[in-house]
Amino acid sequence: MADGRAERIADFIEPLRVRPGSKVHLERDFDPRYKGGLKKRQGAELLRAGVSLLAEYQDRLAAQDTYGVVLCLQALDAGGKDGTIRHVMSGVNPQGVRVSSFKVPSAEELDHDYLWRYAQRLPARGEIAIFNRSHYEEVLVVRVHPEVLLRQKLPPHGPDPDIWERRFREINHWERYLTDNGFKVVKIFLNLSKEEQRTRFLKRIDLPEKNWKFSAADVRERGRWDDYQHAFSEMLSATSTRWAPWYVVPADRKWFARICAAAVLAHTLMEIDPQYPEVAPEARKDLLVTKRSLEREAPAGAPADPYAARQKKRD
């Protein structure tokens, strides 16, 4: 890690990290209203600082062209995934970030293994790929809705009581494979309370400009709240690993959730600590030749190198 900021960020997000090997009971272990002692008026400044830090490290990630990052975002409906992406990634170069949303699988996707469609959206080196919902749908929605599993064309072998443990193992191995090949996997679960979800659903009904976001299916899914809490708890327990940890971000306060998400991603990039490539001596000589040529083109009265002149004035 590069400087004191890294240590402060690591301390800030540590309460959110799911320790590998721990047994998680979501409602008992993580408070959706936790705010780390911060006040909302501090939020805007902290988020700006986080966005600026992300822009700096993303530029270095792209320049080094060695590592990639996969950010998995999971949440229940109205958990704030879209807003988190919009605010946290507002300062980065869009050419270096790709966002993929995973809906109901297509016929083509169902003709492949369950990880196939996610593998198609992995980043190239130097890129950040954000999965708005991710391969963890395969142990969440599919688990809560067994009829979805039946559509996955698995070989007939009768009921498989170990299928979720097997999928947890397969996902862990896949993420380890990605990490070993230079693609860091970081995972955020936006932890929303049942009451806050109810409030957000009502807001989507009450405000005409929010009506388009409302879905009666989301409310029906709310009836399976306890099933999802169990599925999330099992998932967090089984798949938070040293190489691909889970962070449970309190999501009842959107401003705090966005700060946390920015901090988790910044921490990931600072762990990688990408560096700008050094120019070879011969290429450096060519740069200096070009520099002198450009300096000779300066208009009368203008500095030969305006950038260098401004830097010297600041110093």
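Residues numbered from 1 in each chain as written. Predicted model: local features only at pLDDT ≥ 70, side-chain atom pairs only at ≥ 80, totals over all residues. Heavy atoms only, no water.

Side note on the pairing of strand β1 (residues 68-75)
Of all eight residues in β1, eight are buried, a share of seventy percent or more. Across the two faces of β1 the burial is the same, with Gly68, Val70, Cys72 and Gln74 and Val69, Leu71, Leu73 and Ala75 all buried. (Buried < 20%, exposed > 50% of the residue type's maximum accessible area, 1.4 Å probe, protein only. Helix = DSSP H or I, 4+ residues; strand = E, 2+ residues; numbered from the N terminus.)

A look at unusual backbone geometry
Phi at Asp65 is positive, roughly 55 degrees, even though this residue is not glycine. Phi is positive for Asp273, close to 55 degrees, though the residue is something other than glycine. Relative to the elements of secondary structure, Asp273 occurs in the loop between α13 (254-272) and α14 (281-296).

Some points on the packing of helix α1 (residues 4-13) against α13
The contact between α1 and α13 brings their axes to 9 Å, and the two run at 130 degrees. The angle between α1 and α13 falls in the class oblique. Our pair here, α1 against α13, has a crossing hand that is left-handed. Across from Arg5, Ala6, Ile9, Ala10, Phe12 and Ile13 in α1, the residues of α13 making contact are Phe256, Ile259, Cys260, Ala263, Val264, Ala266, His267 and Met270. Considered class by class, the residues forming the contact of α1 with α13 number 12 nonpolar, one polar and one charged. (Axes fitted to C-alpha atoms, helices over the stretch in contact; angles between N-to-C directions. Parallel < 35°, antiparallel > 145°, perpendicular 65-115°, else oblique. Left-handed = near helix turned anticlockwise from the far one by under 90°. Contact = heavy atoms within 4.5 Å. Nonpolar A, V, L, I, M, F, W, Y, C, P; charged D, E, K, R; others polar.)

Notes on the state of the cysteines
Under the defined criterion, the tally for this structure stands at zero disulfides. There is no disulfide at Cys72, and the cysteine sulfur nearest it, in Cys260, is 18 Å away. Residue class for Cys72 comes out buried when judged on its relative accessible area of 0%. (Disulfide = S-S within 2.5 Å.)

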